[in-house]
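# Summary of the model geometry
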Amino acid sequence: MLQLNVKNESSRLRAVVLGSAINNGPTPTVDEAYDPKSLEHILAGTYPVEADMVNEMEAFNQVFQKYDVKVYRPEMIENYNQIFTRDIGFVIDDIFIKANILPDRERELDAIQYVINQMNPSKVVRPPEEVHIEGGDVMLYNDYIFIGTYKGSDYKDYITARTNMEGVNYIKNLFPNKIVKEFDLVKSKIEAHDNALHLDCCFQPVGKSKGIIYKSGFREEADYMFLVNLFGKENLFHITRDEMYNMNSNVFSIAPDVVVSEKNFTRLNTWLRENGFTVEEIPYAEIAKQEGLLRCSTLPLIRD
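Here the structure is a predicted model, which means the values were calculated and not measured.

### Some points on the pattern of salt bridges
- For the structure shown, the criterion picks out 18 salt bridges.
- A salt bridge links Asp93 to Lys178; the nearest nitrogen and oxygen atoms lie 3.2 Å apart. Here Lys178 lies in the loop between helix 5 (165-174) and strand 8 (179-184) and Asp93 lies in the loop between strand 3 (89-92) and strand 4 (95-98), a separation of 85 residues in the sequence. Each member of the pair, Asp93 together with Lys178, is buried.
- Across the salt bridge formed by Glu286 and Lys289, the nearest N and O atoms sit 3.0 Å from each other.
- Judged by relative accessible area, Lys289 falls into the buried class, the value being 16%.
- Residues joined by salt bridges that share partners form a network here, namely Lys7, Asp93 and Lys178.

Shown next as structure tokens:
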């Protein structure tokens with residue numbers, strides 16, 4: 001039986017579900033695009049091809065092997081995008097929460113059912129239908145659970161609004177001993193430079209007390225200031241609008257001092273190294289064209 005344990009974003013990783021780009025299916029049509037960045041690349045004819053994405057994910061897998069992490073992969077579904085496992089479920093403490101994702105993506109959960117079957121059934125929960133919550137919006141920081149949401153009255157009109165206040169309240173009720181703090185994120189259906197699809201698109205803790213942040217990803221300055229006050233401004237790496245667009249905050253920690261990052265994130269990777277991190281650089285720029293990166297394609301199951 002899997003002894004689930006995840007309390008933060010950076011403790012030593014022991015087991016993870018890594019998505020798959022194999023048999024990814026044809027380039028989506030304009031109508032099928034889930035986010036403005038994918039739409040941009042569909043229209044430009046630069047949408048990533050399967051072979052490149054498979055190679056990028058294999059590079060990620062190799063880093064996990066190097067650090068002796070147990071890696072699970074989804075069972076293959078033909079012509080189906082199974083890259084972003086973070087969207088379909090997540091672990092808080094020892095509880096696995098199945099996400100209520102977009103209906104078109106329900107089969108992605110079926111593809112990791114063999115992993116869920118190895119969990120204690122009493123530790124697996126599925127929120128009620130009105131609760132929308134995706135793993136990219138849920139960020140753990142020991143006693144804190146940070147949750148990205150969208151509080152606009154036009155929530156239902158935004159396919160990019162993935163976690164609602166019902167989702168926030170569900171987590172508050174499930175974990176009464178945690179400090180649950182929601183953040184109202186900036187959304188755009190048409191401009192990828194101004195769309196924080198999930199919280200990990202504009203913020204992520206690294207190490208024990210540092211973080212990567214994009215100030216303009218938050219609709220309310222008070223939400224941004226909450227994080228500045230909690231972490232200390234000197235411990236936060238502020239990314240630019242272009243760096244947010246390129247997903248600089250969407251790195252992935254294997255240990256408190258080991259971060260997997262995209263090889264083109266020059267400024268960020270320099271800062272990480274200057275702050276004592278080992279940076280495992282891999283190519284991931286093709287997958288980034290779908291508005292997701294390293295954190296999005298992982299579902300951590302066990303950390304120390």
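### As for the pairing of strand 6 (residues 138-141)
- Residues Val138 and Leu140 point to one face of strand 6 and Met139 and Tyr141 to the other, with burial holding for every one of them.
- Here 4 bridges tie strand 6 to strand 7 (residues 144-149), and the two strands are oriented antiparallel to one another. Bridge pairing links Val138 to Ile147 in strand 7.
- Between strand 6 and strand 7, which follow one another and run antiparallel, lie 2 residues, and Asn142 among them has a positive phi close to 60 degrees.

### A look at the sheet that holds strand 5 (residues 124-125)
- Here we have 3 strands laid out as an open sheet, ordered 3-4-5, and mixed in their pairing. This sheet does not close on itself; its edge strands, each paired only once, are strand 3 and strand 5.

### Description of the nonpolar core
- Core analysis: the biggest nonpolar cluster contains 59 residues, and Phe60, Phe64, Phe146, Leu199, Phe203, Phe218 and Ile254 have the highest contact counts within it.
- When residues of this core are assigned to their parent elements, the largest contribution, 5 residues, is made by helix 2 (residues 50-66).
- Discounting residues that sit within four places of it in the chain, Phe64 has contacts with Leu13, Val16, Leu18, Val69, Val71, Phe252, Ile254 and Thr298.
- Counting residues in each nonpolar core, the second largest holds 36 residues, with Tyr72, Ile88, Ile95 and Val131 among its members.

Cut-offs and rules
Residues numbered from 1 in each chain as written. Predicted model: local features only at pLDDT ≥ 70, side-chain atom pairs only at ≥ 80, totals over all residues. Heavy atoms only, no water. Salt bridge = Lys/Arg side-chain N within 4 Å of Asp/Glu carboxyl O. Helix = DSSP H or I, 4+ residues; strand = E, 2+ residues; numbered from the N terminus. Buried < 20%, exposed > 50% of the residue type's maximum accessible area, 1.4 Å probe, protein only. Pairing = 2+ DSSP bridges. Core = buried A, V, L, I, M, F, W, Y, C linked by side-chain atoms within 4.5 Å. Contact = heavy atoms within 4.5 Å.

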